[in-house]
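An overview of the molecular structure
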Amino acid sequence: MVIPQKAIDSVNKNKIGLKGPLATPIGKGHQSLNLALRKTFNLYANVRPCRSIEGYKTPYDDVDLVTIRENTEGEYSGIEHVIVDGVVQSIKLITEVASRRVAEFAFRYAVANGRKSVTAVHKANIMRMSDGLFLQCCREAAEKFPEVQFDEMYLDTVCLHMVQDPKKYDVLVMPNLYGDILSDLCAGLIGGLGVTPSGNIGENGAAIFESVHGTAPDIAGQDKANPTALLLSACMMLKHMGLGTYGSKIEKAAFEAIKNKETRTADLGGKATCSQFTDAVCRYVD
Amino acid sequence: MAAYRSLRLEKYFFRNNLNKRSILGTSAVLRGSYSQPKQNEAVDQRRQFSRHTGAKYGGRYTVTAIAGDGIGPELMGHVKHVFNAMRKRTCIGRDWSVCYRVADVPVDFEDIYLDSAHDADTDLAHAVLAVKRNRVALKGNVETKHLKPGFVSHNLLLRVSLDLFANVIHCRSIPGVSTRHGDVDIVVIRENTEGEYKSLEHENVPGVVESLKVITRESSKRIARYAFEYARQQGRKKVTAVHKANIMKLSDGMFLDTCRQMAAEYPELKFEDMIVDNTCMQLVSRPQQFDVMVMPNLYGNIVSNIGCSLVGGPGLTAGSNIGSDFAIFEMGTRNTGKSIAGENIANPSAMLMAGVELCRYLGLARHADVIEKSIWRTISEDKVHTPDLGGTATTSDVVHSITQKVQNEMRKW
């Protein structure tokens, strides 16, 4: 399956996109279309800000971190071979170009958004060359941004401390697989994929913002879905485009709507439908 | 009130350990079966799951002790102290100075040095030989200097040389430890020899590094068999396979298929599979849904660390590395704890729990129960907590409390 040419032309023309979920079959079938999109438009960094939502209680308050994940290579290169029957090898690709690009993006993001520190997450004790290269690029980028504090930590240590005390972390930058897992872990801390925004940033200001939850075919078309993730992603998009005031306004309204028990959707423990929630957000914006 | 609390703890402890048999080891019997005709493969593999049957000299086992770096040496010392605390003083006539080794743990430790000061190839070879000789080891973590070119983690090399294919970490909520989630009881079984940890990397073109992740059907079958046998023998209800087969279709796909095929042989156990990122999300929102989890190497690293963290941190959980012939017991999260080394604030419970698992593996269930109960009492009833659990006690305080309880228990023997 390939991306339709019309979609490619549209994104190339407009540079900014907003996307809903796409399903990928497990263990067989076509390659993930999400991945294909990222490769086609060279969206090299996936940014996922995770902030505790006031009004939706989880065991974790005070989460305020951003995961920045290398989006084009790493373990998701899709290069797999059957060597002999019963032995499969999967190749993890780390390049200097991509690592440098995402590392510098992470520091620029930290500076632009007033974040204090960047932590590189890696497993260089085991994957010495690949994660070592990634780490080296992060170190070099850190030297160019002395105002931002730089830290490096093993992946397992980060997971360990994240679950006990997420306040410790600010901006996290890492290769593809670790980023996938850690960003979902952080999403779980604040309430799940239904409330987490996400943006894929490419070169020259191009970006596609998306909701990262599944397609949920069981509740499709029933006005039950929670639009928060897509809405917050859209707010991220507005901020990226320089329309930050509008973005903040809508974001605030969305948080107000979640705070109010009457207007919360079912997955957050409320009883409102999708349209009722949307109406509530519109009301709060005005 | 204290008596009531104690009784409640007894019941909790008893209920959780009712079916606890020794951690599954694999016996030396298989080694004698080279000349026998090839039996049914499943029967062959099942015969593996029995306890250590290495040699006993004078009724005592010899265990290799690899202290490692950081907090390893001090914690190893505490384990030896607690094991010896089981010694009973006896009075002969009026002479209390005579002391018989009546009920101490019948284990002698052979100290082997493998750490950042002893990191030559010969040191590693000695360590491997020592574990092969004694069949079982208790280990701290050896620091990996990943900046040194050509250096491969010695912890990894030890595990791979001895083919310790299963890493078992039992994460259990302990009453008295305040955590965000209660009632957690997860066993993480992680493939320990292959996957992303093959250390096969090369740089074909400058600036482009390839790292190979290798998954084999044999190893997947082995770990799946271990996981299901473990679940069956320990009376667990569900096995969850954790994977990323939507992206890594061939490698994790094969792992998943192998687990599914194995599940068919254990119809009494519920089997489900879950993608690793969803697993992490579920672990931090609703960890009570998980029972036994089986997965390849890297995901095991992540999930076990999350699991340990859910129940109170790296200071409370032990990890076992089990192979067909050998076993190594260590702290679950494999930390060196460099930053707190020598300050007497490390939590000794994890290393002591590793000692408990060691005793069970050696068939010393009674000793294991006494030490485990003493650890739990210290943490839950007396609440002697080190800083990682939010308290102010020192390591020595905790060890002293545990030792006293052990000695009290021994008087009843």
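Just so it is clear, the structure is predicted and the values come from calculations on it, not from any experiment.

What follows concerns helix H6 (residues 176-190) of chain A. Counted at 1.5 Å a residue, the expected span for H6(A) with its 15 residues is 21 Å, and the 21 Å between its end C-alpha atoms agrees. Of the residues flanking the end of H6(A), it is Gly191(A), one or two places downstream, whose phi is positive at about 135°.

Time to look at the layout of surface pockets. Quantified by volume, the second largest pocket comes out at close to 1,300 Å³. Around the second largest pocket sit 50 residues that line it, and Thr157(A), His161(A), Asn335(B), Thr336(B) and Gly337(B) are the ones nearest its centre. Listed by contribution, the elements that provide at least two residues to the lining of the second largest pocket are strand E7 (149-154) and helix H5 (155-164) of chain A together with helix H5 (154-161) and helix H9 (297-310) of chain B. The element best represented in the lining of the second largest pocket is H5(A), accounting for 5 residues.

Within a regular beta strand, the side chains point alternately toward one face of the sheet and then the other, so they alternate between its two faces. All names here are of chain A. The buried count for strand E10 (residues 207-211) comes to 5 of 5 residues, which makes it a mostly enclosed element. Of the two faces of E10, the one carrying Ala207, Phe209 and Ser211 and the one carrying Ile208 and Glu210 are both buried. Relative to E10, strand E9 (residues 197-202) runs antiparallel, the two being bridged by 5 bridges. Residue pairing for E10: Asn200 is matched across the bridge by Ile208. Here E9 hands over to E10 after 4 residues, with Asn204 in that stretch at a positive phi of 55°.

Another point: the interface of chain B and chain A. Across the contact, 60 residues belong to chain B and 61 residues belong to chain A. Applying the counting rule to chain B against chain A returns 2 salt bridges. At the boundary of chain B and chain A, one finds 23 residue pairs in polar contact (both at pLDDT 80 or more). For the side of chain B that touches chain A, the elements supplying multiple residues, two or more each, are strand E10 (201-205), strand E11 (208-216), helix H7 (251-264), helix H8 (276-285) and H9 of chain B.

Residues and elements named next belong to chain B. Pairing within the open sheet is mixed, and its 10 strands lie in the order E6-E3-E7-E16-E15-E8-E9-E14-E12-E13. Of all strands in the sheet, those with a lone pairing partner are strand E6 (107-112) and strand E13 (270-275), marking the two edges. The mean angle between the axes of side-by-side strands here comes to 25°, regardless of whether they run parallel or antiparallel. In this sheet, strand E7 (residues 136-139) lies alongside strand E3 (residues 61-66) in parallel orientation, the contact comprising 3 bridges. Pairing of Ile66 across the sheet is with Lys139, part of E7. Sitting on the sheet, helix H3 (residues 72-84) is in contact with E3, E6, E7 and strand E16 (327-331), with an inclination near 165° to E6. Across the face of the sheet, helix H6 (residues 217-233) comes into contact with strand E8 (166-172), strand E9 (185-191), strand E12 (238-243), E13, strand E14 (292-295) and strand E15 (318-322) while running at roughly 160° to E9.

Our focus in this paragraph is the sheet that holds strand E5 (residues 87-95) of chain A. Spatial strand order, E4(A)-E5(A)-E11(B)-E10(B): 4 strands in an open sheet with antiparallel pairing. The outermost strands of the open sheet, each flanked by one partner alone, are strand E4 (80-84) of chain A together with E10 of chain B. Sheet twist, expressed as the average angle between the axes of neighbouring strands with direction ignored, equals 35°. As defined by bridge partners, E10(B) adjoins E11(B) across 3 bridges and the pair is classed as antiparallel. For His202(B), the partnering residue across the bridge sits in E11(B) and is Glu210(B). Against the sheet, H7(B) makes contact with E4 and E5 of chain A together with E11 of chain B, and its axis sits at roughly 15° relative to E11(B), the strand it touches most.

What follows covers unusual backbone geometry. It is generally the case that most residues other than glycine have a negative phi and that most peptide bonds are trans. Of note, Asp223(A) is a non-glycine position whose phi angle comes to about 60°, a positive value. Mapped onto the elements of the fold, Asp223(A) is located in the loop between E10 and helix H7 (228-240). Given the relative accessible area of 32%, Asp223(A) is considered partly exposed. A positive phi angle, close to 75°, is found at Arg135(B), a residue other than glycine. Tracing the backbone shows Arg135(B) in the loop between helix H4 (121-134) and E7.

Bringing the packing of aromatic side chains into the picture now. All names here are of chain A. The tally for this structure, following the rule as stated, stands at 10 aromatic pairs over all chains. Taking the centre distance of 6.0 Å and the plane angle of 90° together, the rings of Tyr44 and Phe105 count as edge-to-face. Separated by 61 residues along the polypeptide, Tyr44 in strand E2 (residues 43-51) and Phe105 in helix H3 (residues 96-112) bring together distant segments of the chain. Neither Tyr44 nor Phe105 differs from the other in exposure class; each is buried. Measuring from centroid to centroid gives 5.9 Å for Phe107 and Phe150, while their planes differ by 45°, and the two rings are tilted. Of this pair, Phe107 sits in helix H3 while Phe150 sits in strand E7; the two residues are 43 residues apart in sequence, bridging distant segments of the chain. Note on Phe107: relative accessible area 0%, which makes it buried. Put simply, the rings of Tyr44, Phe105 and Tyr109 pair up and form one aromatic cluster. Between Lys123 and the ring centre of Tyr154, over which it is positioned, the NZ or CZ distance is 5.9 Å.

Residue and element names in this part refer to chain B. For chain B, mean pLDDT is 85; residues scoring 70 or higher make up 82% of the total. Residue range residues 98-103 is modelled with pLDDT below 50. Its contacts to residues more than four positions away, or to other chains, number 19 contacts. Here the predicted complex carries an ipTM of 0.89, next to a pTM of 0.88.

Next up on the list: empty space enclosed by the protein. Residues and elements named next belong to chain B. The final tally for this structure, using the stated rule, is 7 cavities of 30 Å³ or more. In this structure, the second largest cavity encloses a volume near 60 Å³. For the second largest cavity, the full set of lining residues is Asp69, Ile71, Gly72, Lys139, Gly140, Asn141, Glu330, Met331, Arg334, Asn335, Thr336 and Met351.

Here we come to the pattern of salt bridges. Tallying each qualifying case throughout the model produces 44 salt bridges over all chains. Among the ionic pairs, Lys92(A) bridges to Asp131(A), the shortest N-O distance being 3.0 Å. One end of the pair, Lys92(A), is in strand E5; the other, Asp131(A), is in helix H4 (residues 130-144), and 39 residues separate them in sequence. Through salt bridges with shared partners, one network takes in Arg69(A), Asp180(A), Lys244(B) and Asp277(B).

Rules and cut-offs
Residues numbered from 1 in each chain as written. Chains lettered and ligands numbered in written order. Predicted model: local features only at pLDDT ≥ 70, side-chain atom pairs only at ≥ 80, totals over all residues. Heavy atoms only, no water. Helix = DSSP H or I, 4+ residues; strand = E, 2+ residues; numbered from the N terminus. Expected span 1.5 Å × (residues − 1). 1 Å grid on protein atoms, 1.4 Å probe; cavity = no way out; pocket = protein on both sides within 12 Å on 5 of 7 lines; lining within 4 Å. Points joined across faces, edges and corners; volume = space filled by probe spheres on them. Buried < 20%, exposed > 50% of the residue type's maximum accessible area, 1.4 Å probe, protein only. Pairing = 2+ DSSP bridges. Contact = heavy atoms within 4.5 Å. Salt bridge = Lys/Arg side-chain N within 4 Å of Asp/Glu carboxyl O. Polar contact = N/O pair within 3.5 Å; in protein donor to acceptor, adjacent residues only side chain to side chain. Axes fitted to C-alpha atoms, helices over the stretch in contact; angles between N-to-C directions. Phe/Tyr/Trp six-rings, centres within 6.5 Å; stacked < 30°, edge-to-face > 60°. Lys NZ or Arg CZ within 6 Å of the ring centre and 35° of its normal. pLDDT = per-residue confidence, 0-100.

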